[in-house]
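# A look at the structure
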Amino acid sequence: MSADTDSTHYFLGIDGGGTGCRARIEGADGSVLGQGLSGPATTRLGIEEAWASIARAFGAAIEEAGLGPDEIARVHAGVGLAGIGRKGALEALRAIKHPFASIDFISDGEGACLGAHSGRDGAIVIAGTGSIGLGFTEGRRLRVGGYGFPISDEGSGAYLGLKAVQLALRAHDGRYEKTALLAEIMQRFQQDPMEAVAWMDRASATDYAALAPMVMRHADQGDAAGRRIVQSAAEHIDTLIRTLFDKGAPRVSLLGGLSSPLEPWLAPDVRRRLKPIDGDAVSGAIILARKAVSSY
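Residues numbered from 1 in each chain as written. Predicted model: local features only at pLDDT ≥ 70, side-chain atom pairs only at ≥ 80, totals over all residues. Heavy atoms only, no water.

### Describing the sheet that holds strand β8 (residues 140-144)
Taken together, four strands build an open sheet; the order of strands is β8-β7-β6-β9 and the sheet is mixed. Unpaired on one side and paired on the other, β8 and β9 (252-255) mark the two borders of the sheet. Adjacent strand axes in the sheet meet at a mean angle of 15 degrees when their direction is disregarded. Examined bridge by bridge, strand β6 (residues 122-127) and β9 share four bridges and lie parallel to one another. Residue pairing across strands places Ile124 opposite Ser253, the latter belonging to β9. On top of the sheet, helix α11 (residues 224-246) reaches β6, β7 (131-137), β8 and β9; it is set at about 165 degrees to β6, its chief contact. (Pairing = 2+ DSSP bridges. Helix = DSSP H or I, 4+ residues; strand = E, 2+ residues; numbered from the N terminus. Axes fitted to C-alpha atoms, helices over the stretch in contact; angles between N-to-C directions. Contact = heavy atoms within 4.5 Å.)

### Regarding the environment of Ala285
The residue Ala285 is located in helix α14 (residues 281-294) in this model. Ignoring any residue separated from it by four or fewer positions in sequence, one finds Ala285 in contact with Leu12, Gly13, Ile14, Gly78, Val79, Gly80 and Gly111.

### A word on the nonpolar core
Of all hydrophobic cores here, the largest spans 48 residues; its most connected members are Leu160, Ile185, Ile237, Ile241 and Val252. Ranked by the residues each element gives to this core, the list is headed by α11, at ten residues. With sequence-adjacent residues up to four places away left out, Ile185 is seen in contact with Ala164, Val165, Ala168, Leu211 and Met214. Formed by 23 residues, the second largest nonpolar core is a distinct cluster that contains Leu12, Ile62, Val75 and Ile84. (Core = buried A, V, L, I, M, F, W, Y, C linked by side-chain atoms within 4.5 Å. Buried < 20%, exposed > 50% of the residue type's maximum accessible area, 1.4 Å probe, protein only.)

This is the structure:
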């Protein structure tokens, strides 16, 4: 109980994603005391692997902050983690022993949403390798899309890559007009559709998304096929944003690696309604951590 009543609290925020894990420790006044980085942290790699990455990140942050055992025991932790919705993941994470005063878990997307709106009601659309719309309003969780590529994740980087390969194969057959973008795609497959088929058999969403910068580059240069693909992707993102507003979100922000290049392609009414983010996903995890103290 002494840790709960002690006036000195520390707050640890962790954002664990598929490409890396970031941790930050703040004092009660919001000052940054230490930060840490590690590799991928997602339950897709397994709970032990995800926790090991989380522990490396917060270990580095604790070391930079110079916290001793007594101070670590007054740390309240919030963790945003990719893949936390997988069956049994949350229960397994909560069962892991930790040295902190409290720890709470949330999905990495929900952590990003908390950070984007400083913990207030609101929603985000993430446009990256995949895509999803999610948020909080009046105690309700909102979710639109994000069910995984190729059955969902419309408007994402993987979507851009998939559409480019599809049109490139049609152009190769003579079913679609050849453009510079589609020629460059086919060059990757040595002008051989069977090379594309062999690639498809082992390609992941990340592999398709790796083609997205090429698609955006050609679209921005006026390539007809590139423009068609990007306009289609933008319409899907428009729909995610509008649907979140329709579901009651008071504000919506656009995040993810594709957010900046894709935003100019969005409908004018959608662009006007977008709100810049207040903070990042680590900030959202710290907001989650602070809730443990405010609940006492």
